[in-house]
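For reference, the chains in residue letters:
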Amino acid sequence: MGNTVVGETVFFSVVIPTYNRLPILQKCLQALEQQELNALSTVSGYEIVLVDDGSTDGTLDWLLANQREFPHVRWFQQDHAGPAAARNLGVEKALGETIIFIDSDLVVLKNFLQAHADALVQGKETLGSDRFFTYGAVINTCNFNNPTEEPYKITDFSAAFFATGNVAIPKHWLEKAGLFDTGFQLYGWEDLELGVRLKNLGLKLIKCPAAVGYHWHPPFNLEQIPNLIDKEIQRGRMGVLFYQKHPTWEVRMMIQMTWLHRLLWGILSLNGLLNERTMAPFLHWLIKLGKPQLALEVARIFLNWYNVKGVYEAYAQMRKTA
């Protein structure tokens, strides 16, 4: 594998948790097998560490049947325990000293690994150490056949410090920070919470816009709304766990536990009058016009209201049982 010091020769371990995402996982792995490295690349090699989180959709059977097509892939299995536990297992099994996290519904371009490698070299030269990580671009798309044709949109912007959709980081910093907290068993926040601990260790974020990943999700429809509401409520509960671990104003802003967020989404949703029932005809109209992404953004008016309510309900319960 060569010298794995960031800025010299690196061996990448691409860690991917997956759970019942076989169709898009196939595209994810195929894209990673087609990576093009420069002749003088600092990348000595790479592996793909796939952790199946108890899938029931035939993921492991497909991997066994097609393993010759994926020479870089090593896979591991665990009972369904969530992405935090899956990523921790992936880091534990990784052979490389530089970890790249992506999700199993992300399809990358052919220069993906090289772009991260170039940014790591530049970061080492700029900062004089490896106390940083590189953060690539994520573009959301519902185009399954050609996900990489999606243009960048303003809604693709993210202000997150550390998110596991597309990030490269020296393994030893993850270990020093303590990896992901498996207490985050519901939806949301386990990666940003780790980001707080990495920031406390003095790590810097270096953006790497050339490392592009296309995050696929099915086109929005009204049948998805109950699941989306449930996710927002779960995200609210996990947000309070996040705040328990890091009781700062910054975290309160992240999880929307401020009077400003309560006022904003209360006004925009007319205190809940604009909800999944009252807005259904308008959302259906937008979907029929061929604008499912716009319909989803409009639906966020009441989805965010559910999230804020979930945060405050979980916070009240926490104080009651404290």
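Draft legend 1. Inspection of the sheet that holds strand E2 (residues 43–52) at higher detail. The eight strands are arranged E3-E2-E1-E4-E7-E6-E8-E5 in an open sheet whose pairing can be described as mixed. The open sheet terminates on both sides in strands that have one partner only, identified here as strand E3 (73–77) and strand E5 (106–108). Sheet twist, expressed as the mean angle between neighbouring strand axes with direction ignored, is 30 degrees. Sheet topology places strand E4 (residues 98–102) next to strand E7 (residues 166–170); five bridges connect them, and they run antiparallel. Considered in E7, the bridge of Phe 101 is made with Val 167. Lying on the sheet, helix H4 (residues 112–127) is in contact with strand E1 (10–18), E2, E4, E5, strand E6 (132–141), E7 and strand E8 (204–216); it crosses E8 at an angle near 170 degrees.

Draft legend 2. Main features of the side chain of His 246. Positionally, His 246 belongs in the loop between helix H7 (225–245) and helix H8 (249–255). By relative accessible area, His 246 is classed as buried at 11%. Setting aside chain neighbours within four positions, we find His 246 in contact with Glu 193, Val 196, Arg 197 and Val 251.

Draft legend 3. Molecular detail of a nonpolar patch on the surface. Judged by side-chain polarity, Trp 259, Leu 260, Leu 263 and Ile 267 come together as a nonpolar surface patch covering roughly 460 Å² of accessible area. Residue class for Ile 267 comes out exposed when judged on its relative accessible area of 54%.

Draft legend 4. Region of the structure containing the pattern of salt bridges. Within the structure shown, the criterion is met by 13 salt bridges. Close ionic contact of Asp 105 with Arg 21 constitutes a salt bridge, the shortest N to O distance being 3.4 Å. Residue Asp 105 is located in the loop between E4 and E5, and its partner Arg 21 is located in the loop between E1 and helix H1 (22–33); the two are separated by 84 residues in the primary sequence. The class for Arg 21 is partly exposed, based on a relative accessible area of 34%. The shortest N-O distance in the salt bridge between Arg 197 and Glu 193 comes to 2.7 Å. Here Glu 193 and Arg 197 lie together in helix H6 (residues 190–200), a separation of four residues that amounts to about one turn. Both residues of the pair, Arg 197 and Glu 193, count as buried. Residues joined by salt bridges that share partners form a network here, namely Asp 181, Glu 193, Arg 197 and Lys 245.

About the criteria used
Residues numbered from 1 in each chain as written. Predicted model: local features only at pLDDT ≥ 70, side-chain atom pairs only at ≥ 80, totals over all residues. Heavy atoms only, no water. Pairing = 2+ DSSP bridges. Helix = DSSP H or I, 4+ residues; strand = E, 2+ residues; numbered from the N terminus. Axes fitted to C-alpha atoms, helices over the stretch in contact; angles between N-to-C directions. Contact = heavy atoms within 4.5 Å. Buried < 20%, exposed > 50% of the residue type's maximum accessible area, 1.4 Å probe, protein only. Patch = residues over 30% accessible without salt bridge, like charges linked within 9 Å, V, L, I, M, F, W, Y side chains within 5 Å. Areas by Shrake-Rupley, 256 points an atom, 1.4 Å probe, with all protein chains shown as cover. Salt bridge = Lys/Arg side-chain N within 4 Å of Asp/Glu carboxyl O.

Coordinates in, geometry out; function isn't part of it.
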